[in-house]
Amino acid sequence: MIDFPLSRLEPEAESVYAALGLKPGARPSPRSGELLLRALDSFRRLAEPRGLVLPQTEEEFAAVFHGQGRNETRNPLQRVHPLAARLHLFAFTLGETISAEIERLFAGDFALGAVLDAVASLAADNAGRVAEEWAGSPATASGGSRGAHVAFLYSPGYCGWHISGQEALFAALRPEVIGIRLNASFLMTPLKSISGVLVAGPPAIHRVESVYPFCAQCKSPACRERVSAVPPT
Amino acid sequence: MEILKQIARTIEEGDAAAVPRLVGEALAAESSAKAVLDGGLIAGMNAVGEKFRVHEIFLPDVLLAAKAMYAGLDVLKPLLERAGVASRGRVVIGSVQGDLHDIGKNLVGIMLKGAGFEVIDLGSDVSAVGFVAAARSHEARVIGMSALLTTTMPVMKEVVDLLKKENLGGRIKTIIGGAPVSRDYAEEIGADAYGYDCAQAVERVKELAAAS
Ligand code: B1M
């Protein structure tokens, strides 16, 4: 199973400031610095990280990925997943307590609430990075799938995988056991949760050159950075 | 007046402990509650909003300022009510049905209050009927809707359509926002305005409230 130590999830100060809209090179006010320290303290006390993975065969995942049949006709995951050496469904949550605290703070101490919200969002993202390392590590490989692998997390709602794909993913993975529930519009509760498939394989499989039609509307093009970080083969 | 300028400055500094004391001093010096509101609290928040717009300060500073402003408003509220001073108008806000994301909506609400509007926050997961019923019962001029998912955006159109059906379209204006929402989408569904961020939302709501 994957271990999610808080120290690996805790975001860097710079990324929290950036998430809150501080322009690169600008200095945060001393009061914002104090808020960040308080938010990080709350994060360390209240986060209850829990994750779940389930290995998938290519056929099993193809059915999950098809979901309700609402994916974009051309999308990167349909090209990448058949080339994978290993596939794992994945879900992670920071738990109910920290979400409740964010909500409570927004009723009065909203500056602290906003900073804690950004810290928790980034921590959930970092959990994805921890899971990618786990899935890509040789220790996770078994049988014929050994080798220098790189794993990426792909999530419903991103990159042409329709968000309704959450339904099939939940039916297979059952993240309810770690306290994650899905609502009718495919959102997870607790809010600070993520889901997806960990696709591990030789670095080259992840190199997606094409720009898809939906990329034009994407507000979080982190995929381009991670693709360009793939080591050359 | 110097004391009003001092209140505005203290709001910019986000000093929530000092503002109520200064408001008390201004009232004792025979400023009216309305003068303290406009010349102190709202003036301070306007300056903060402008600095935010040009990226001189960032979100936490704005929120600290808003908190300081609210602390002053708590002192003034009973006096303003007694004097029959009307707010800038009522705005009903919420995240649409199916959507649990509410941070953006919360920020919009905080900024609207800071600009002198009375905000009725319906929370998240609000149905079209819920928005319209609340706007009607609170006699709101504007409904503000937030959505973070493409799957929940259609509820915004339901609200616009329901207002039209009930012949309220001219009286109650709509503004929409959230990550997947765009100006084009607002035009497509017939919403009256689109806010890219919370600062722009305030500007648009001011225009809508003035027009309604
Ligand atoms: C009334 O008038 C107005 C006017 C202006 C208005 C307004 C109303 N409402 C908002 N505004 C505007 O003013 C505000 C401030 O100025 C702004 O409000 P926002 O709410 O937009 O901004 C907030 C202050 C900060 N912004 C946010 O908190 C959202 C930022 C992005 C990057 C984001 C984050 C951080 C997160 N997420 Co995710 N997330 C994304 C977002 C992409 C993006 N760039 O926006 C979005 C919303 N997420 C998405 C997805 C898919 C998901 N996320 C997930 C998870 C997460 C994190 C946990 C990592 C994290 C926390 C989310 C949270 N809010 O708690 C998952 C769902 C979580 C769940 N509980 O179900 C998951 C489903 C992924 C998965 N499978 O794991 C996408 C939805 C896509 C879709 N098809 O609908 C998404 C748009 C990313 C994308 N694909 O580009 C403006 O929009």
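About the criteria used
Residues numbered from 1 in each chain as written. Chains lettered and ligands numbered in written order. Predicted model: local features only at pLDDT ≥ 70, side-chain atom pairs only at ≥ 80, totals over all residues. Heavy atoms only, no water. Helix = DSSP H or I, 4+ residues; strand = E, 2+ residues; numbered from the N terminus. Rg over C-alpha atoms; globule rule 2.2 N^0.38 Å. Buried < 20%, exposed > 50% of the residue type's maximum accessible area, 1.4 Å probe, protein only. Contact = heavy atoms within 4.5 Å. Areas by Shrake-Rupley, 256 points an atom, 1.4 Å probe, with all protein chains shown as cover. Lys, Arg positive; Asp, Glu negative; His and termini not counted. Charge placed at Lys NZ, Arg CZ, Asp CG, Glu CD. Buried area = accessible area lost by both parts, 1.4 Å probe. Salt bridge = Lys/Arg side-chain N within 4 Å of Asp/Glu carboxyl O. Polar contact = N/O pair within 3.5 Å; in protein donor to acceptor, adjacent residues only side chain to side chain. Nonpolar A, V, L, I, M, F, W, Y, C, P; charged D, E, K, R; others polar. Near = heavy atom within 4 Å. pLDDT = per-residue confidence, 0-100.

### Description of the overall build of chain A
Along the backbone of chain A there are nine helices and six strands. Since a compact globule built from 233 residues should have a radius of gyration of about 17 Å, the 18 Å found for chain A is in line with a globular shape. In terms of overall dimensions, chain A has a C-alpha envelope of 50 × 40 × 35 Å along the principal axes. Going through the 233 residues of chain A one by one, you find that 51% of them count as buried. For chain A, restricting intrachain contacts to residue pairs at least 6 apart in sequence, the fraction spanning at least 24 positions comes to 79%. Taken as a whole, chain A presents about 11000 Å² of accessible surface, with 55% of it coming from carbon and sulfur. Positive and negative side-chain charges of chain A, numbering 22 and 23 respectively, have mean locations separated by a distance of 3 Å.

### Quick notes on the interface of chain A and chain B
Contact with chain A, which involves 29 residues of that partner, is made by 28 residues of chain B. Summing both sides of the interface, chain A and chain B together bury roughly 2200 Å²; the carbon and sulfur share of this comes to 72%. Sorting the residues of chain A by area buried against chain B places Arg31, Phe106 and Phe110 of chain A first, and these three jointly supply 27% of that buried surface. Where chain A packs against chain B, one counts one salt bridge. When the shortest N-O distance is used, the salt bridge between Asp109 of chain A and Lys67 of chain B registers 3.5 Å. Here chain A is connected to chain B by seven residue pairs in polar contact (both at pLDDT 80 or more). Breaking the side of chain A that touches chain B down by element, the ones donating at least two residues are helix H3 (30–46), helix H6 (96–106), helix H7 (110–136) and strand E5 (188–189) of chain A. Along the lines of polarity and charge, the residues of the side of chain A that touches chain B split into 16 nonpolar, eight polar and five charged.

### Remarks on the site of the ligand
Taken together, 40 residues lie around the ligand, and Met188, Lys192 and Ser195 of chain A together with Ser146 and Thr150 of chain B are the ones closest in. Around the ligand the close residues trace back to chains A and B. In this structure, Gly157 of chain A approaches the ligand through a main-chain N or O atom, which is 3.2 Å from a nitrogen atom. In this structure, Lys192 of chain A approaches the ligand through a side-chain N or O atom, which is 2.4 Å from an oxygen atom. The set of elements that each furnish at least two residues to the shell around the ligand consists of H7 and strand E6 (193–201) of chain A together with helix H5 (103–114), strand E3 (142–146), strand E4 (173–177) and helix H9 (198–211) of chain B. When residues in the shell around the ligand are grouped by element, the largest group, four residues, is from H5 of chain B. Residue composition of the shell around the ligand, grouped by class: 21 nonpolar, 15 polar and four charged.

### Notes on the pattern of salt bridges
Residues and elements named next belong to chain B. Taken as a whole and judged by the stated rule, the model has 21 salt bridges over all chains. In this structure, the salt-bridge partner of Arg53 is Glu50, at a minimum N-O distance of 2.9 Å. You can see Arg53 and its partner Glu50 sitting in helix H3 (residues 33–53), three residues apart, about one turn around the helix. In this structure Arg53 comes out as exposed when scored by relative accessible area, which is 53%. Between Glu203 and Lys206 there is a salt bridge, with its nearest N and O atoms 3.6 Å apart. Highlighted residues: Glu203 and Lys206, both in helix H9, separated by three residues, approximately one helical turn. For Lys206, a relative accessible area of 22% translates into the label partly exposed.

### What to know about the confidence of the model for chain A
Model confidence for chain A is summarised by a mean pLDDT of 91, while 95% of its residues fall at 70 or above. For chain A, the element scoring lowest by mean pLDDT is helix H9 (residues 222–228) of chain A, at 74; helix H8 (residues 165–173) of chain A scores highest, at 98.

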